[in-house]
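Coordinate inspection notes
Next come the chains, spelled out residue by residue.
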Amino acid sequence: MCGIVGAISNRDVTPILVDGLKRLEYRGYDSAGLAVVDAQQSLDLKRSVGRVANLEKICSDVTGTIGVAHTRWATHGRPAQRNAHPHTSSSQVAVVHNGIIENHQELRASQKAAGFVFSSETDTEVIVHQIDWHMQQGAGLFKAVQKTVGELEGAYGLGVVSKQQPDLLVAARSGSPLLIGLGEGENFIASDMSALIPVAQKYIVLEDGDLAKITSNSVEVFDSNGQAVEREIRTSTLSDDETELGGFAHFMKKEIHEQTRAITETLEGRLGANNVLELPFGENAREIFDNTKELKIVACGTSFYAASVARYWFEEFGIKCDVEIASEYRYRKHVVNPGTLFMTISQSGETLDTMAALEMAKTLGYSNTLCVCNVPESSLVRASDLTIFTHAGREIGVASTKAFTTQLVTLLLIAVCLRRRMQGDGRRIDDMESEIVRELRTLPQQIDNVIELEEQIIAMSKHFGNKEHALFLGRGAHFPIAMEGALKLKEISYIHAEAYAAGELKHGPLALIDEDMPVVAVAPNDELLEKLKSNLEEVRARGGKLFVFADEESGLQSDDETMVLNVAPVHNHIAPILYVVPLQLLAYHVALIKGTDIDKPRNLAKSVTVE
Ligand code: F6R
């Protein structure tokens with residue numbers, strides 16, 4: 001989703017801005033631009049549609065010591081040069097903006113009446129005209145931004161420069177993440193720290209309502225009441241290693257292969273000899289778990305599917321668990337039972353719908369809030385009573401892979417901790433816990449074994465290259481795994497894919513079955529295997545082609561109509577974590593055949609910070 005970079009220095013900032021935008025490319029965008037105040041104190045504005053590389057080509061003659069830059073993901077107005085940021089007003093002020101301004105139509109009408117001419121269809125353009133208008137009334141740049149944000153409704157992360165004050169960069173945040181990178185004799189702003197890896201390790205996260213005056217030597221932060229405030233200076237642990245392909249053709253493939261290491265790191269320090277340790281989750285984890293009688297989990301996309309798998313674990317362990325999509329949760333009324341823990345799951349920690357759901361939940365009487373997240377500096381982490389990190393490492397491919405499997409591992413650990421309380425006083429370790437811990441220890445190796453099936457998955461993927469639709473089937477905890485498999489395929493190969501609980505086939509989707517509709521199924525050797533086999537027979541009887549990932553002891557065999565790929569036997573609880581991996585690889589190899597942009601699929605963004 002949209003990305004912001006800004007810089008003020010004694011050296012030329014254009015290369016810093018362009019490099020920062022390249023580092024934000026993983027977020028997804030459709031156009032890019034920058035504005036720099038040059039030595040003649042004029043605003044040099046460059047914008048282009050498509051890749052940052054296109055922008056770079058037209059910036060070779062741009063130099064200056066202060067500037068702002070942006071990658072845009074269209075919300076108001078189609079991807080076009082005129083809609084790309086920065087937006088300017090009277091060639092005086094330039095603004096980059098993440099978020100959405102909800103009262104842009106009212107502001108636009110009054111600005112048009114005041115004589116401002118609009119050159120884009122964006123909501124952002126009203127911000128820059130409003131700042132310009134306040135400056136025309138005599139306000140300095142900072143005061144003009146302060147007055148303007150007081151008139152905005154909606155969400156914003158803003159970077160603002162003006163040729164009238166070329167020694168001042170102004171930043172403002174409400175609802176959209178923004179941070180300030182602290183350099184030596186230079187300072188920066190960015191929507192996430194990865195943009196600033198080569199130039200800053202120390203940084204400040206702006207809080208909602210904050211405004212900042214940034215020069216090359218100083219940073220002053222003011223809260224929404226205009227009071228000067230100190231915000232904690234943090235140190236980033238990001239490095240370039242995580243943002244390099246390391247010999248893989250795509251980040252998605254690298255991240256699928258990294259799951260072995262990522263899961264090992266998720267488990268590190270959290271397992272005792274035969275039990276799950278609680279202290280590593282945080283000092284208040286034990287108390288929060290003690291307070292929990294039931295669970296409400298809210299998330300989006302792949303994270304929602306992780307929650308949906310975990311619901312099977314929680315309820316098997318006797319913990320009532322309700323799971324909901326964040327964008328739905330936030331717009332309905334709720335009945336909250338005492339002792340309900342509100343849990344969010346998010347790779348990025350910045351998903352706006354999930355964040356808004358959390359803010360709403362805090363007013364509704366939940367016992368506590370817990371976030372399962374991958375990004376330490378993120379908004380959800382800061383807003384939650386407790387965060388349990390997934391430790392997946394940075395995920396760059398838009399299609400989530402290692403973030404999903406590490407979410408599942410983390411959720412299983414939490415389920416085991418809560419199960420102990422359902423069994424007794426929360427301290428006693430029983431055989432089932434020891435068994436799950438043993439199985440979790442074997443999981444990284446088992447993931448490796450599945451990845452070794454890649455050649456067979458490549459052979460399977462060849463049957464999908466010319467298909468327009470696919471069905472995915474699973475039962476029990478593998479139904480959400482089928483949903484995740486279908487999401488992966490549609491995201492990166494653009495093949496329409498839908499998932500069904502296999503028992504639902506006969507209630508409608510069976511009508512779709514013919515030889516052009518490949519049907520993918522996950523068939524672990526669990527208590528639902530025989531039921532699933534009957535469902536698969538329903539498909540075969542109608543001429544459907546089956547592609548089944550099956551436990552080697554399932555008894556399922558390949559023949560003319562069915563391609564079976566055998567997976568080594570696995571314990572029931574961890575089976576969903578394992579069975580998603582071949583589905584990720586299948587989607588990847590189909591997308592490779594289709595020649596799509598695998599790491600940055602069309603229309604999608606990595607960090608979804610708009611509604
Ligand atoms: C799909 C995918 C998305 C995200 C969703 C939520 O591969 O990655 O569906 O899962 O946008 O994002 P987070 O987990 O960052 O809240």
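Further up the page is the structure itself.
Residues numbered from 1 in each chain as written. Predicted model: local features only at pLDDT ≥ 70, side-chain atom pairs only at ≥ 80, totals over all residues. Heavy atoms only, no water.

With respect to the overall build of the protein
A count of helical and extended segments in the protein gives 18 helices and 25 strands. Here the protein has a C-alpha radius of gyration of 26 Å; the compact-globule value for 611 residues is 25 Å, and the two agree. Going through the 611 residues of the protein one by one, you find that 61% of them count as buried. The contacts of the protein with a sequence gap of at least 6 include a subset with a gap of at least 24, amounting to 72%. Surface exposure of the protein reaches about 23,000 Å², of which carbon and sulfur atoms provide 47%. Separation of charge centres in the protein, based on 59 positive and 83 negative side chains, amounts to 2 Å. (Helix = DSSP H or I, 4+ residues; strand = E, 2+ residues; numbered from the N terminus. Rg over C-alpha atoms; globule rule 2.2 N^0.38 Å. Buried < 20%, exposed > 50% of the residue type's maximum accessible area, 1.4 Å probe, protein only. Contact = heavy atoms within 4.5 Å. Areas by Shrake-Rupley, 256 points an atom, 1.4 Å probe, with all protein chains shown as cover. Lys, Arg positive; Asp, Glu negative; His and termini not counted. Charge placed at Lys NZ, Arg CZ, Asp CG, Glu CD.)

With respect to unusual backbone geometry
A cis amide bond links His 85 to the next residue, Pro 86, at an omega of 0°. Its place among the elements puts Pro 86 in the loop between strand 4 (66-72) and strand 5 (87-89).

Topic: the sheet that holds strand 4
Across the sheet, which stays open at both edges, the 8 strands sit in the order 3-2-4-1-10-9-11-15 with antiparallel pairing between neighbours. This sheet does not close on itself; its edge strands, each paired only once, are strand 3 (43-49) and strand 15 (233-235). Adjacent strand axes in the sheet meet at a mean angle of 20° when their direction is disregarded. Here strand 9 (residues 179-182) pairs with strand 11 (residues 202-205) via 4 bridges, running antiparallel. Residue pairing for strand 11: Ile 180 is matched across the bridge by Ile 204. Of the strands in this sheet, strand 1 (3-8), strand 2 (31-37), strand 4 and strand 10 (187-190) are in contact with helix 1 (residues 14-23), which crosses strand 2 at around 160°. (Pairing = 2+ DSSP bridges. Axes fitted to C-alpha atoms, helices over the stretch in contact; angles between N-to-C directions.)

Overview of the packing of aromatic side chains
The full count for this structure, using the stated rule, is 6 aromatic pairs. A ring pair is formed by Phe 281 and Phe 289, whose centres lie 6.2 Å apart and whose planes are at 80°; its orientation type is edge-to-face. Note on Phe 281: relative accessible area 3%, which makes it buried. Classification of Phe 289 by relative accessible area gives buried; the value is 0%. Arranged with centres 4.9 Å apart and planes meeting at 55°, the rings of Phe 464 and Phe 547 form a pair that is tilted. Highlighted residues: Phe 464 in the loop between helix 15 (454-461) and strand 21 (469-474) and Phe 547 in strand 24 (residues 545-551), separated in sequence by 83 residues. For the pair formed by Phe 464 and Phe 547, the shared burial category is buried. Through pairs of rings, three or more aromatic residues link up here, namely Tyr 329, Phe 342 and Tyr 366. In this arrangement the basic side chain of Arg 311 is found over the ring face of Tyr 312, its NZ or CZ atom lying 5.6 Å from the centre. Residue placement shows Arg 602 over the ring face of Tyr 494; its charged tip is 3.8 Å from the ring centre. (Phe/Tyr/Trp six-rings, centres within 6.5 Å; stacked < 30°, edge-to-face > 60°. Lys NZ or Arg CZ within 6 Å of the ring centre and 35° of its normal.)

Quick look at the pattern of salt bridges
On inspection of all chains with the given rule, the structure shows 31 salt bridges. Between Glu 530 and Lys 533 there is a salt bridge whose closest N-O contact spans 3.3 Å. Taken as a pair, Glu 530 and Lys 533 lie in helix 17 (residues 529-540) at a separation of 3 residues, close to a single helical turn. Here the residues in one salt-bridge network are Glu 278, Arg 286, Asp 290, Arg 420, Arg 421 and Glu 433, joined through shared partners. (Salt bridge = Lys/Arg side-chain N within 4 Å of Asp/Glu carboxyl O.)

Some words on helix 4 (residues 125-136)
For helix 4, with 12 residues, the first-to-last C-alpha span of 17 Å sits near the 16 Å given by 1.5 Å per residue. For helix 4, a buried count of 10 out of 12 residues is recorded, marking the element as mostly surrounded by other parts of the structure. Residues of helix 4 that are buried in the fold lie against strand 5, strand 6 (93-98), helix 3 (104-113), helix 5 (141-149) and strand 7 (156-162). Backbone geometry just after helix 4 places Gly 138 at a positive phi near 110°. (Expected span 1.5 Å × (residues − 1).)

Structural notes on the pairing of strand 8 (residues 169-174)
Summarising burial for strand 8: 5 of the 6 residues are buried, a large majority. Of the pairings in the sheet, the one linking strand 7 to strand 8 comprises 5 bridges and is antiparallel in character. Paired with Gly 157 across the bridge in strand 8 is Arg 173. Where strand 7 folds back on strand 8, the antiparallel hairpin that results is connected by 6 residues. Note that strand 8 and strand 12 (residues 211-214) share 4 bridges and pair antiparallel. Looking at the pairing, Leu 169 lines up with Ile 214 of strand 12.

Brief notes about the packing of helix 7 (residues 259-267) against helix 14 (residues 431-451)
Packing of helix 7 against helix 14 brings their axes to within 9 Å, and their N-to-C directions diverge by 170°. Comparing their axes, helix 14 and helix 7 come out roughly antiparallel. The segment helix 7 lies against helix 14, with Gln 259, Thr 260, Ile 263, Thr 264 and Leu 267 engaging Leu 440, Leu 443, Pro 444, Ile 447, Asp 448 and Ile 451. Taken together, the residues of the contact of helix 7 with helix 14 sort by class into 7 nonpolar, 3 polar and 1 charged. (Parallel < 35°, antiparallel > 145°, perpendicular 65-115°, else oblique. Nonpolar A, V, L, I, M, F, W, Y, C, P; charged D, E, K, R; others polar.)

Here we look at the site of the ligand
The environment of the ligand is formed by 15 residues, the closest being Ser 303, Ser 346, Gln 347, Ser 348 and Thr 351. The side chain of Thr 351 places a nitrogen or oxygen atom 2.4 Å from an oxygen atom of the ligand. Sorting the residues of the shell around the ligand by element identifies helix 9 (301-316) and helix 16 (478-493) as the ones contributing at least two each. Tallied by class, residues from the shell around the ligand come to 5 nonpolar, 8 polar and 2 charged. (Near = heavy atom within 4 Å. Polar contact = N/O pair within 3.5 Å; in protein donor to acceptor, adjacent residues only side chain to side chain.)

Topic: helix 3
What helix 3 keeps buried is the set His 104, Leu 107, Arg 108 and Gln 111. Buried residues along helix 3 cover an arc of 100° about the axis, so they all sit on one side. Exposed and facing more than 90 degrees away from the buried side of helix 3 are Gln 105, Glu 106 and Ala 113. Positioned one or two residues after helix 3, Gly 115 has a phi angle of 100°, which is positive. (Arc of directions from axis to C-beta.)

A closer look at the nonpolar core
Trp 313, Phe 314, Leu 440, Phe 472 and Phe 549 are the most contacted members of the largest nonpolar core, which has 90 residues in total. Here the element with the most residues in this core is helix 18 (residues 575-594); it accounts for 13 residues. What Phe 472 contacts, discounting residues up to four positions off in sequence, is Ala 482, Gly 485, Ala 486, Leu 489, Ala 497, Glu 498, Ala 499, Tyr 500, Val 520 and Leu 583. By size, the runner-up hydrophobic cluster in this structure holds 27 residues, among which are Val 36, Val 52, Leu 179 and Ala 190. (Core = buried A, V, L, I, M, F, W, Y, C linked by side-chain atoms within 4.5 Å.)

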